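A closer look at the structure
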Amino acid sequence: MATEAPGQRVLDLLDKAIGVQAPLARGNIARARRRNPDATPAEVIRDLERTYVRALTGAGAAVGGTAAVPGIGTGVALSLSAGESLTTLGVSSLFVLSLAEIHGVPVDELERRRTIVMGIMLGETGSATVAKAAGRTGRDWGRQVVGRLPAQALRRINKALAKRFIARYGTRQAAVVLGRAAPFGIGAVIGGSANAAIATATVRAGRRAFGPPPEAWPEPGDPLG
């Protein structure tokens, strides 16, 4: 996954986010189930989707709003927004990896985590890239590709995904960072709207990638049981 320095920084941030969030995915599911012990997998997924959208939207709006606070201004807003980009990757990684756990897709290897997170965060572009690189249809690709191909094959797919991920999140995040620093409360609107759009697109892509949720939870002793 060799890239130029700015692009590599985006991938390094992604790997950092994945590394932090991967061990937390099962705990994230457990918390959702504790809120509603009788919830089915489909209901827990809907709960995780709502929580994810709220969290990402709120984070973007909060950072954008700092530019309107007297004595803070755009300089601090720019600094906070750069850090919030890592938060976006972290929250998104946790959401996607939680979905993979619920659907029984193995994410025990870094290459699988990269494929599933980049592919879903890229939406339709990610689905098409995975399908083309894997030589398979894009339907339920989270199961058909990530869950079955060896890590060596996924490395090739990840090289294709990485180029698109850098192009989208390197360029887009730079524009959003500047937008969030706009004064008079405009940054809060831009930050919240931008993150809401990312979260909504990621939710839709997750549904396409995994297909219908399991009808029931695994038995005790099995993963997530």
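Conventions used here
All residue numbers refer to positions counted from 1 along the written sequence of the respective chain. Owing to the predicted nature of the model, reporting of local features is limited to residues with pLDDT of at least 70; listing and counting of side-chain atom pairs is limited to 80 or more, with chain, interface and lining totals taken over all residues. Values reported for side chains reflect all heavy atoms of the structure, with hydrogen atoms and water molecules removed beforehand. Strands here are runs of E lasting at least two residues and helices are runs of H or I lasting at least four, both read from the DSSP assignment and numbered beginning at the N terminus. Three labels apply to residues, based on accessible area from a 1.4 Å probe with only protein chains included: buried if under 20% of the type maximum, exposed if over 50%, partly exposed otherwise in between. We call two residues in contact whenever any of their non-hydrogen atoms come within 4.5 Å of each other. With residues, only the protein chains shown are counted as cover, and all accessible areas are computed by Shrake-Rupley using a 1.4 Å probe. Residues belong to one nonpolar core when they are buried, are Ala, Val, Leu, Ile, Met, Phe, Trp, Tyr or Cys, and are joined through side-chain atoms within 4.5 Å. A pair is scored as a salt bridge if a Lys or Arg side-chain nitrogen falls within 4 Å of a carboxyl oxygen belonging to Asp or Glu. The predictor attaches a confidence to each residue, called pLDDT, with possible values from 0 through 100.

Bringing the overall build of the protein chain into the picture now. Looking only at helices and strands, one finds nine helices and zero strands in the protein chain. Starting at the N terminus and ending at the C terminus, the protein chain contains elements arranged as α-α-α-α-α-α-α-α-α. For the protein chain, with 225 residues in total, the buried portion stands at 47%. Pairs at least 24 residues apart make up 78% of the contacts formed inside the protein chain by residues separated by at least 6 positions. Of the accessible surface of the protein chain, which amounts to about 10,700 Å², a share of 58% is contributed by carbon and sulfur atoms.

Membership of the largest hydrophobic core comes to 52 residues, with the highest contact counts inside it found for I116, I157 and F165. Top contributing element to this core by residue count: helix α8 (residues 151–180), with eight residues.

Moving on to the pattern of salt bridges. Following the criterion strictly, the structure yields seven salt bridges and no others. The partner of E109 in a salt bridge is R112, with the nearest N and O atoms 2.7 Å apart. According to the relative accessible area criterion, R112 is buried, its value standing at 10%. One continuous salt-bridge network, built from bridges that share partners, spans D15, E111, R114 and R155.

Looking at the element boundaries, E111 is found in helix α5 (residues 110–121). Residue class for E111 comes out buried when judged on its relative accessible area of 12%. Here E111 is in contact with A151, L154, R155 and N158, once residues within four sequence places are set aside.

This part takes up the confidence of the model for the protein chain. Parts of the model with low pLDDT should not have their predicted coordinates read in detail. Looking at the protein chain as a whole, its pLDDT mean stands at 76, while 70% of the residues score no less than 70. In this model residues 61–84 is a low-confidence stretch, pLDDT under 50, and it forms 38 contacts with partners more than four residues away in sequence or in other chains. Here residues 174–191 is modelled with pLDDT under 50, and outside its nearest four sequence neighbours on either side it reaches 37 contacts, counting other chains as well.

Looking at the secondary structure, you find T129 in helix α6 (residues 124–134). Judged by its relative accessible area of 9%, T129 is buried. Those residues in contact with T129, other than ones at most four positions away along the chain, are A160, L161 and R164.

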